[in-house]
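# Chain and residue survey
Residues per chain, in single letters:
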Amino acid sequence: MDNFFEKKEKIFGLKTLERDLLLYRVMPRLVLEIIRKYFRLTVDGRENLPSTGGAIIVPNHSGYAGFDAFMIGNEIRNSTKRVPRILAHHLWFIHKTISIPLEKMGITEATMNNGLGLLKKKNIIILFPEGEYGNFKPIRKRYRLQEFKRGFVRMALLTKTPIIPTVVIGAEETHITLSQLKFTKFLIGTILPLPLNFIPLPAKWKIKFLKPIYLDYPPSAAEDHDLVHKISRQVREMIQFNIDQELRKRRFVYLK
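Presented here is a report on the structure given in the accompanying data block. Computed from a predicted structure; not experimentally measured.

### Digging into the pairing of strand 2 (residues 55-59)
Across the five residues that make up strand 2, a large majority, five, are buried. On strand 2, burial covers both faces: A55, I57 and P59 on one face and I56 and V58 on the other are all buried. Of the pairings in the sheet, the one linking strand 2 to strand 5 (residues 124-126) comprises three bridges and is parallel in character. Across the sheet, residue I57 finds its bridge partner in strand 5, namely I126. In the sheet, strand 2 pairs with strand 6 (residues 163-169) via four bridges, with the strands oriented parallel. Residue pairing across strands places P59 opposite T166, the latter belonging to strand 6.

Structure below.
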């Protein structure tokens, strides 16, 4: 009788694993490949993605729906056969109904401890230093980088991990934010977008992975606030420069 229940548990356990693999790995990848074609996505700088070891992917953040995170992750997987981990805003993790599926898809709450833990295990992580202020910025501020949070610099210094600045063009025009809603009474410091559209518009996308930045400092440099601020500003300026270059080359947003 004990053997019967043990076999049953193994069978159902296997079915659960297969179901999770289908729901949280296979299906999302199929959907992302369809979206990739819809956006006519082009990618530059694949050679800058590491085949082994940790790395911090630092992109501009735009388009309130967060498609940029998933599209970047999909391209990293296509290029390196590695599954990157996305660090997301804490509001996505306030209830297990949402947080459990996200975690199964490789999305983790954006905290310093989580980021350090993943990097120490030699993962590639995707981290947006602009946070919600970039993701939810109104269309009138499109492609103008917001202030960077500096945790990614400290993570890089503490783990001797390269930073890979990344540029995303197209997300701003895919999901358009008209304005920001700021909550100061019940959710202090929280902002939410006022969207124009919910169905993604067919803007042409481009993702560009820039050359890795290796920080030649000891881990103790993470406590040097001036240095951390300087490095963060330099990374921000590099991304903004490349965004401006790509925008000058772009001829059409929604047409081929």
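### Quick word on empty space enclosed by the protein
Counted by the stated rule, this structure contains one cavity of 30 Å³ or more. By volume, the largest cavity is sized at about 30 Å³. Together, G63, N135, K137, P138, I139, E172, H175, I176 and T177 line the largest cavity.

### Some thoughts on the nonpolar core
In this structure, I56 and F152 are the most contacted members of the largest nonpolar core, which totals 29 residues. Elements supplying a minimum of two residues to this core: strand 2, helix 4 (112-120), helix 6 (151-159), strand 6 and helix 8 (225-249). With six residues, helix 8 is the largest single contributor of residues to this core. Counting residues in each nonpolar core, the second largest holds 24 residues, with L32, F39, I107 and I207 among its members.

Cut-offs and rules
- Within any chain, residue numbers begin from 1 and follow the written order of that chain's sequence.
- Confidence filtering applies because this is a predicted model: local features only for residues at pLDDT of at least 70, side-chain atom pairs given and counted only at 80 or more, and all residues used for totals across whole chains, interfaces and linings.
- Each side-chain value is worked out from all heavy atoms of the structure, with water and hydrogens disregarded.
- The rule is simple: take the accessible area with a 1.4 Å probe, protein chains only, and divide by the maximum for that residue type; under 20% is buried, over 50% is exposed, in between is partly exposed.
- Strands are runs of DSSP state E lasting at least 2 residues, helices are runs of H or I lasting at least 4, and numbering of each runs from the N terminus.
- Strands pair, by our definition, only if DSSP identifies at least two bridges between them.
- We place a 1 Å grid over just the protein atoms. Points where a 1.4 Å probe fits but has no way out form a cavity, open points with protein on both sides within 12 Å along at least 5 of 7 lines form a pocket, and any residue with an atom within 4 Å of a point lines it.
- Grid points are joined across faces, edges and corners, and a volume is the space filled by probe spheres set on the points.
- To define a nonpolar core, start from buried Ala, Val, Leu, Ile, Met, Phe, Trp, Tyr and Cys residues and group those joined through side-chain atoms within 4.5 Å.

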